[in-house]
Amino acid sequence: MTLLSSKRFLLSALLLSLGASLALAEEQDADKATVETVEEAETYHSPQVDKDKAFFMEHFDDQEAFEKKWVKSEAKKKGVAEEIAKYDGQWQITTPIKKAFNADLGLVLATEAKHAAVSALLDRPFVFGDKPLVVQYEVTMQAGQICGGAYLKLLSKGTDTKADLRSFHDQTPYTIMFGPDKCGSDNKLHFIFRHRNPVNGSIEEKHSKKPTERLEEIYKDKAPHLYTLIVSPDNTYSIMIDNKEVSSGSLLEDFTPPVNPPDEIDDPNDVKPVDWDEREKIVDSSAVKPEDWDESAPAQIPDPDAVKPDGWLDHEPVNIPDPEAKKPEDWDADMDGEWEAPLIDNPACSVGCGEWKPPLIPNPSFKGKWRPPLITNPNYKGRWAPRKIPNPDYFYDDQPFKMTPIHAIGFELWSMSPNLLFDNLLITDDPATAEQFAAQTFTPKLSALTKYEESFLDAAVQFVAANPWVWAVVVLLILVVIVIYIYVRAGPDEDVEEALKKADAMTPDDLLDEEEQEARGGKASLEEPADDEEQSTLRKRKKDDGSGDASKKKDEE
Ligand SMILES: *[C@@H]1O[C@H](CO)[C@@H](O)[C@H](O)[C@H]1NC(C)=O
């Protein structure tokens, strides 16, 4: 075989085996799906909490109960164009795309790029007293998030009836807003509370400081995450994601603008006196230009000591027509003009040709423009600042925790990415109850999802055991990969590289892929470990593709 035809053969072999493994993966996926859901459906029960402890609890598993309790907004968003003002985004009660349990439903904001608002009255209002406020809920950004919020609002007095909820919109007064929000590279974990000014009753939003870590994964990994906010009567707060604290602080110290205004302010009536001199240095007006200061002397002069090098040819041109160039045969003097050979460097000019000029050097007698020197200003008074006066609007609220009572809970959202899923909402005054609630909901959900991924691998292993012919495909694939690997190492050839890339893009996620990766990993470390970039990027890319495929396939079951 010639080199070329052997390459062709290899490529077709590679593509064939990839096709076979793709078919395998699909078959196998279907098998696993039926096994999985039947088994797990038995183990799920909707969570329960002590009625005395919960002001609100919603697991969304009961569609009928949901429809009784929750109210879709019929309002219009204020201050935007009529056609986009309506809250017409779609809310659905449905199973998650990546489901852990058949009977576990969630609330899904199905539509993208539409305003959507839905809310429910609490079982009883939460009044800020001597117990903490604990708010907890789960969000799964099932399609990731490009731009949009997944926060909730705890609505204040004035939302005490279902009629109030029907007109729920962006200006509806809330006491607390809490949860994730992202647009582009900017992401936030909101904790905003609306503080009532004790002097005149006006309301101002207070925004918590940023979490200590950058929270980017939650917008990408399409996995369930648990958000918990605890605000305590001692004015401290703590925010947790997946039971891990990501932010904490004090209502009195860690919010912008601060709850309490400064006790002194600049006197707005104090003005800077006209003769107040803020110049630290001034020009010395008594200085005069020295007699010998020549402002016209140039910065550079020709080097007077330079001499023309030996062998410099004054009359030789720097470039000459290339004596080797030939007029092209199809040159048409009428069309193309008179033919001229292209210019090349004159080989005679090894030292230099043409008129010789001495190089320029800095002028030792260069002075530049004369400027009078600066001296310390004898009238300097320092920087002026207005005097301080007592702040007429001063107050000190030492209990910002005592916020407006909460009557309802709502989502008022807009999202670029569809299928935001909410689940297992709880409002309580007891952190232990929230922990128990998570232990009944979030924790088993996560472990079921993990088990699910593991069982996917198990099923793969079983499938191979039951279908030994798979090994033939695996062996062929490994062989092909090794041979191509050798080719690429021997000298990259565009055909092979191109084809490798194409093949890589269509590699499915399945056991063959893993075997192959192992084989490749082994191969690479046997020879030269790290320096073969082509191979390692290929492997990496494949891994990425693979995991992406895996979740997608599972989603589609
Ligand atoms: C209340 O006082 C604050 C200053 O502390 C001021 O900014 C606000 O405009 C006042 N509101 C009303 C309604 O007077």
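Residues numbered from 1 in each chain as written. Predicted model: local features only at pLDDT ≥ 70, side-chain atom pairs only at ≥ 80, totals over all residues. Heavy atoms only, no water.

- Looking up the protein in an unreviewed UniProt entry gives the name Calnexin, with the organism given as Plutella xylostella.
- The UniProt entry for the protein carries the following text under Sequence similarities (unreviewed entry): "Belongs to the calreticulin family." (UniProt positions renumbered as here; feature names shortened; annotations may be inferred.)

1. Description of the overall build of the protein
Inference 1: A count of helices and strands for the protein gives eleven helices and 25 strands.
Inference 2: By sequence separation, contacts in the protein at least 24 residues apart represent 78% of the contacts at least 6 residues apart. (Helix = DSSP H or I, 4+ residues; strand = E, 2+ residues; numbered from the N terminus. Contact = heavy atoms within 4.5 Å.)

2. Describing the side chain of Asn-377
Inference 1: Its location among the elements puts Asn-377 in the loop between strand S22 (374-376) and strand S23 (388-390).
Inference 2: Separated by 3.0 Å, the side chains of Asn-377 and Asp-277 make a polar contact.
Inference 3: Among the polar contacts made by the side chain of Asn-377, one reaches the main-chain carbonyl oxygen of Arg-279 at a distance of 2.7 Å. (Polar contact = N/O pair within 3.5 Å; in protein donor to acceptor, adjacent residues only side chain to side chain.)

3. Side note on helix H6 (residues 431-440)
Inference 1: The set of residues buried in H6 consists of Thr-433, Ala-434, Phe-437 and Ala-438. Summarising the axial view, the buried residues of H6 lie within an arc of 140 degrees, below the 170-degree limit, and thus occupy one face.
Inference 2: For H6, the elements touching its buried residues are strand S1 (54-58), strand S6 (133-141), strand S12 (224-231), strand S25 (420-428) and helix H7 (442-466). (Buried < 20%, exposed > 50% of the residue type's maximum accessible area, 1.4 Å probe, protein only. Arc of directions from axis to C-beta.)

4. Topic: a nonpolar patch on the surface
Inference 1: On the surface, Ile-146, Trp-414 and Met-416 cluster together to form a nonpolar patch covering roughly 270 Å² of accessible area.
Inference 2: Relative to the helices and strands, Met-416 resides in the loop between strand S24 (406-414) and S25. (Patch = residues over 30% accessible without salt bridge, like charges linked within 9 Å, V, L, I, M, F, W, Y side chains within 5 Å. Areas by Shrake-Rupley, 256 points an atom, 1.4 Å probe, with all protein chains shown as cover. Salt bridge = Lys/Arg side-chain N within 4 Å of Asp/Glu carboxyl O.)

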